[in-house]
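Summary of structural features
What follows is the residue order along each chain.
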Amino acid sequence: MVDYHAANQSYQYGPSSAGNGAGGGGSMGDYMAQEDDWDRDLLLDPAWEKQQRKTFTAWCNSHLRKAGTQIENIDEDFRDGLKLMLLLEVISGERLPKPERGKMRVHKINNVNKALDFIASKGVKLVSIGAEEIVDGNAKMTLGMIWTIILRFAIQDISVEETSAKEGLLLWCQRKTAPYKNVNVQNFHISWKDGLAFNALIHRHRPELIEYDKLRKDDPVTNLNNAFEVAEKYLDIPKMLDAEDIVNTARPDEKAIMTYVSSFYHAFSGAQKAETAANRICKVLAVNQENEHLMEDYERLASDLLEWIRRTIPWLEDRVPQKTIQEMQQKLEDFRDYRRVHKPPKVQEKCQLEINFNTLQTKLRLSNRPAFMPSEGKMVSDINNGWQHLEQAEKGYEEWLLNEIRRLERLDHLAEKFRQKASIHEAWTDGKEAMLKHRDYETATLSDIKALIRKHEAFESDLAAHQDRVEQIAAIAQELNELDYYDSHNVNTRCQKICDQWDALGSLTHSRREALEKTEKQLETIDQLHLEYAKRAAPFNNWMESAMEDLQDMFIVHTIEEIEVRQLVPKRDHALLEEQSKQQSNEHLRRQFSSQANVVGPWIQNKMEEIGRISIEMNGTLEDQLSHLKQYERSIVDYKPNLDLLEQQHQLIQEALIFDNKHTNYTMEHIRVGWEQLLTTIARTINEVENQILTRDAKGISQEQMQEFRASFNHFDKDHGGALGPEEFKACLISLGYDVENDRQGDAEFNRIMSVVDPNHSGLVTFQAFIDFMSRETTDTDTADQVIASFKVLAGDKVSQTPPRHTGASWRAAQSPACRPQNFITAEELRRELPPDQAEYCIARMAPYQGPDAVPGALDYKSFSTALYGESDL
């Protein structure tokens, strides 16, 4: 024990090595340094000394009465040290050494020394205050000692918005009185002279006790008396000063006012605790509401995206062919609109959905909440599976469209070829049946018959030559049938008509030959009969036969056909020139597309590789990285016109029905997929850095620690994929000293850790989950127990908000937590203590309280609090 017996023994204000007390010695010492030594000269001012005596005495008695005693004279009643030790026990709640009951001076000095020693143990050094001076009744030293006790036990522990002691108390007064007119608390002396500040403090916490609007600034005595009387009657704050003590002094004693005001602070400490509890609950509920909003957004976006995928896949899987190229080209145009207009926003939605999911999981981990598990069928993996199915259907659909257009192009070509050959054949057969059926041989002479026979022989040769054309027509019709040509019925009808006509021509040709030969024989017989006559008329007959033969020569028909063939040659040349021009145009389109594709494709590939390097290296601060990545993202978005140009060139290629391009290995589909992956990857990388910033700020991770985490992660990320597999993660944990070796205990520990870092069982550990795990024990987060304690304060540990029917100790007892239910809260209390939206949030989710002490409308805040942290179901 420190020796207080030496006459010159003294204590200096400042931090003590004996202990830091309840509030820490540093803050007390800082304030003590500002107070400087006890101002003996000021204590000589009768008005100030009177105020201090009255205030300090009342303050001491407010505590001593709890032990059933009080003091009358502050100079005399502490001289033996007994009531001083009792006062310290009451205000600290601790036991002091047993006092000495002797009446001798040494006994009194020893008791006072025990009290001073206890004060010193709380981190306070006294200034020029020795036990002998207290025993001798030195008023200045006694008042100085009591002020030191008041500072230490009534003021030092006051903390408001990171300020404490005197500054904290002043800030509390300013915050509480800010809404009141004519009140401007700047100090602890003249700011309180008119009494309005005292009344404002009471009205702020107990508005039913003070009619503030009826108070007048020019009537300070009435104001002060009103506040002091209300405080004594309803708040159990003894009257420490008279109104005249303050009004009649130019500058009221600061220490007296501070002591009085501190009593108001502690009287309202229940309300302060309730406010603190409400703030904690509001903070927790705000986090939960934000998280629930993110969960609802995720569920909504996931539902919308999955519904769009479900609607789109059947459209992409529809393989019902159209009849014409024009109809199929319209389908291709619809697909092009889907790729350029409808799908890109969905790609962004999918990317944003994954970003929102990762951000939500990060926030849940940082706020000590369980991982979010989406509704069945709406996991990120479910969306990825649906998206993969979509892209497979999409790829198959485009391939089918192109193959179908090729098929229709082939069909159109065959159909046109069929029509051309059929038309030529039909033109050739036109009139042939009538000619074969013509009975011109019945009136013909023998020479006519011979000419007709020669003509018929020529026709038979021509007919045989046309056999190949008929077979070709039939073969084309058969191929059109096999390729499922939409107009096969008309083709078959026309082909059948041609074949039937062909058979008829063959039959008629045979019949006409027989008739001609028969008529020839008959005419030869007749000719023999006229031979004699003929010999006589030979010259004339020869002339007549020659003329008739010339006139009836049928070979002129062959000459006309030769002319028609010569006319077809320039037409064919023109068609060839048109095809050559078309193919030259197609080649230009191929080269134009390939030239652009061979630039865009490698650019996308290089950017993907650069993002991979950036995400692994991550140089500089996280803010620097984020800024760099966003600039990088803008540069990527600015490149989009190059992709649009490529899309336009690709459209021209498809419209020209070009299906191959030997000048490039890049297809438009490859470019599109690469571009979507590029946008998704940069967005994900930015989101990862944003989540790392959230984690760093929430857990106080330094830049050096973050770099160490990144280095460890990258070392075991062998494939640079941005995530660790289970074995890679286990190796990383072992290198960091975790006991997860391959035994039963190690496997159990590893499985436990994996459930933390990979709650969705994806089989991968991201860097975000890795740093969450590595820094999990440094997080200062709210817990279910803390929230329960806060609700308990709102339910019972606070100043009553209705006028009490008791005063004094009975009122204090009535406010005891033991007199209030602690396991439930009412809707009325929630609406009174919390903002409306958060109060209704709680009321809607709290189950009715079922305990034995339940009252109508009681709500169970314990199960609600544990549910917030995933420890039970709402």
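Residue numbering note: each chain is counted from 1, following its sequence as written. Given that this is a predicted model, residues contribute local features only at a pLDDT of at least 70 and side-chain atom pairs are listed and counted only at 80 or more, while totals for whole chains, interfaces and linings are drawn from all residues. Side-chain descriptors were evaluated using all non-hydrogen atoms of the structure, hydrogens and water having been removed beforehand.

Turning to the overall build of the chain, a few remarks are in order. A helix here means a DSSP run of H or I that spans at least four residues, while a strand means a run of E at least two residues long, and both kinds are numbered starting from the N terminus. Helix and strand content of the chain: 34 helices and six strands. Sequence-distant contacts, at least 24 apart, represent 74% of the contacts inside the chain between residues at least 6 apart. Here the chain displays about 44,700 Å² of accessible surface, and carbon together with sulfur accounts for 51% of that area. By definition in these notes, contact holds between two residues if any of their heavy atoms fall within 4.5 Å. Surface accessibility in these figures is a Shrake-Rupley result with a 1.4 Å probe; residues are shielded only by whichever protein chains are displayed.

Once that is clear, we can look at unusual backbone geometry. A positive phi angle, close to 60°, is found at Asp236, a residue other than glycine. Relative to the helices and strands, Asp236 is located in the loop between helix H10 (220-234) and helix H11 (243-247). A positive phi angle, close to 60°, is found at Leu657, a residue other than glycine.

Before going further, it helps to spend a moment on the nonpolar core. Grouped together as the largest cluster of nonpolar side chains are 79 residues, with contacts concentrated most on Ile149, Trp192 and Phe198. If you tally residues by element for this core, the top one is helix H7 (residues 139-155), at eleven residues. With residues up to four places along the chain from it excluded, the contact list for Phe198 reads Trp192, Leu224, Ala227, Phe228, Ile257, Tyr260, Val261 and Phe264. Counting 47 residues, the second largest nonpolar core, distinct from the first, contains Ile653, Met668, Phe709 and Cys732. The set of buried Ala, Val, Leu, Ile, Met, Phe, Trp, Tyr and Cys residues whose side-chain atoms join them within 4.5 Å is what this entry labels a nonpolar core. In this scheme, a residue with accessible area under 20% of its type's maximum is buried, one over 50% is exposed, and one in between is partly exposed, where area comes from a 1.4 Å probe on protein chains only.

Segments scoring low in pLDDT should not have their predicted coordinates read at a detailed level. Per-residue confidence for the chain gives a mean pLDDT of 81; residues scoring 70 or more make up 84%. The element-level mean pLDDT for the chain is lowest in helix H31 (residues 808-814), coming to 32, with H10 highest at 94. The predictor reports its confidence for every residue as pLDDT, a score running from 0 up to 100. Between residues 1-44, whose pLDDT stays under 50, and residues either more than four places distant or in other chains, the model counts 102 contacts. In this model, residues 797-821 is a region of pLDDT below 50 whose contacts with residues beyond four sequence positions or in other chains number 50 contacts.

Turning to the pattern of salt bridges, a few remarks are in order. Any Lys or Arg side-chain nitrogen located within 4 Å of an Asp or Glu carboxyl oxygen qualifies as a salt bridge. This model, assessed by the stated rule, comprises 57 salt bridges. Residues Lys350 and Glu354 are paired through a salt bridge, measuring 2.9 Å at the closest nitrogen-oxygen approach. Here Glu354 and Lys350 lie together in helix H14 (residues 325-366), a separation of four residues that amounts to about one turn. The exposure classification of Lys350 matches that of Glu354, with both residues buried. In this structure, Arg512 and Asp440 form a salt bridge, with 3.0 Å as the shortest nitrogen-oxygen distance. Residue Arg512 is found in helix H19 (residues 488-529), and its partner Asp440 is found in the loop between helix H16 (432-437) and helix H17 (446-465); the two are separated by 72 residues along the sequence. One network of salt bridges, with partners in common, ties together Lys50, Lys54, Lys239, Asp242 and Asp245.

This part is about the environment of Ser735. Within the secondary structure, Ser735 is located in helix H27 (residues 726-735). Considered as a pair, Ser735 and Ser712 are 23 residues apart in the sequence and their alpha carbons are 9.1 Å apart.

Here the focus is the packing of aromatic side chains. The pairing test for Phe, Tyr and Trp rings, Trp by its six-membered ring, is centres within 6.5 Å, and the orientation test on the planes gives stacked under 30 degrees, edge-to-face over 60, and tilted for anything in between. All chains considered together, the criterion is met by 33 aromatic pairs. Three or more aromatic residues joined by ring pairs make a cluster, and in this case those are Trp308, Trp315, Phe335, Tyr338, Trp387, Tyr397 and Trp400. For a ring to carry a charge above it, either NZ of a lysine or CZ of an arginine must fall within 6 Å of the ring centroid while also lying within 35 degrees of the normal to the ring plane. The cationic tip of Arg152 hangs over the ring face of Phe153; the distance from NZ or CZ to the ring centre is 5.1 Å. Over the ring of Phe750 we find Lys730; its NZ or CZ atom is 4.8 Å from the centre of that ring.

Within the fold, His425 resides in helix H15 (residues 380-429). A residue is classified by how much of its surface remains accessible, and His425, at 0% relative accessible area, is buried. In contact with His425, other than residues within four places in its own chain, are His466, Arg469, Val470, Ile473, Ile498, Gln501 and Trp502.

Space inside the second largest pocket adds up to approximately 1,300 Å³. Contributing to the lining of the second largest pocket are 39 residues, with Asn358, Glu688, Ala723, Leu764 and Thr766 lying nearest its centre. The element best represented in the lining of the second largest pocket is H14, accounting for seven residues. Cavity and pocket criteria rest on a 1 Å grid covering protein atoms alone: a 1.4 Å probe that fits but cannot get out defines a cavity, protein on both sides within 12 Å along at least 5 of 7 lines defines an open pocket, and an atom within 4 Å of a point defines a lining residue. Grid points are joined across faces, edges and corners, and a volume is the space filled by probe spheres set on the points.

The next subject is helix H30 (residues 784-795). Working rule for helices: expected span equals 1.5 Å times residues minus one. With twelve residues, H30 should reach 16 Å at 1.5 Å per residue; the first-to-last C-alpha distance of 16 Å fits that figure. The complete set of buried residues in H30 reads Ala784, Val787, Ile788, Ser790, Phe791, Val793, Leu794 and Ala795.

Okay, the packing of helix H3 (residues 46-64) against H7 next. In contact at an axis separation of 11 Å, H3 and H7 are set at 50° when each is read in the N-to-C sense. In terms of orientation, H3 lies oblique with respect to H7. When the axes of H3 and H7 are compared, the crossing they make is left-handed. For the pair H3 and H7, the contacting residues are Glu49, Gln52, Arg53, Phe56, Trp59 and Cys60 in the first and Ala139, Leu143, Ile146, Trp147, Ile149, Ile150 and Ala154 in the second. Lys, Arg, Asp and Glu make up the charged group, whereas Ala, Val, Leu, Ile, Met, Phe, Trp, Tyr, Cys and Pro make up the nonpolar group; the residues left over, Gly among them, are polar. Residue classes in the contact of H3 with H7 are distributed as ten nonpolar, one polar and two charged. Each axis is a line fitted through C-alpha atoms, and for a helix only the stretch in contact is used; angles between axes span 0 to 180 degrees, taken between their N-to-C directions. Note that the term roughly parallel is reserved for angles under 35 degrees, roughly antiparallel for angles over 145, roughly perpendicular for angles of 65 to 115, and oblique for everything else. Handedness of a crossing follows from how the near helix is turned relative to the far one, being left-handed for an anticlockwise turn of less than a right angle and right-handed for a clockwise one.

Here the focus is the side chain of Asp448. Positionally, Asp448 belongs in helix H17. Positive charges are assigned to Lys and Arg, negative charges to Asp and Glu, while His and the chain termini are left out of the count. Buried within the structure, Asp448 lacks any salt-bridge partner; Arg454 is the closest side chain of opposite charge, at an N-O distance of 8.6 Å. Of the polar contacts made by the side chain of Asp448, one reaches the side chain of Thr445; its length is 3.0 Å. Polar contact is defined as a pair of N or O atoms within 3.5 Å, subject to the rule that within protein one atom must be able to donate a hydrogen and the other to accept it, and that residues adjacent in sequence are counted only when both atoms are side-chain atoms.

Right, let's get into the environment of His189. Among the secondary structure elements, His189 is positioned in the loop between helix H8 (165-177) and helix H9 (196-205). Between the alpha carbons of His189 and Lys255 there is a distance of 8.7 Å; along the sequence they are 66 residues apart. Not counting residues up to four positions away in its chain, the partners in contact with His189 are Arg251, Pro252 and Glu254.

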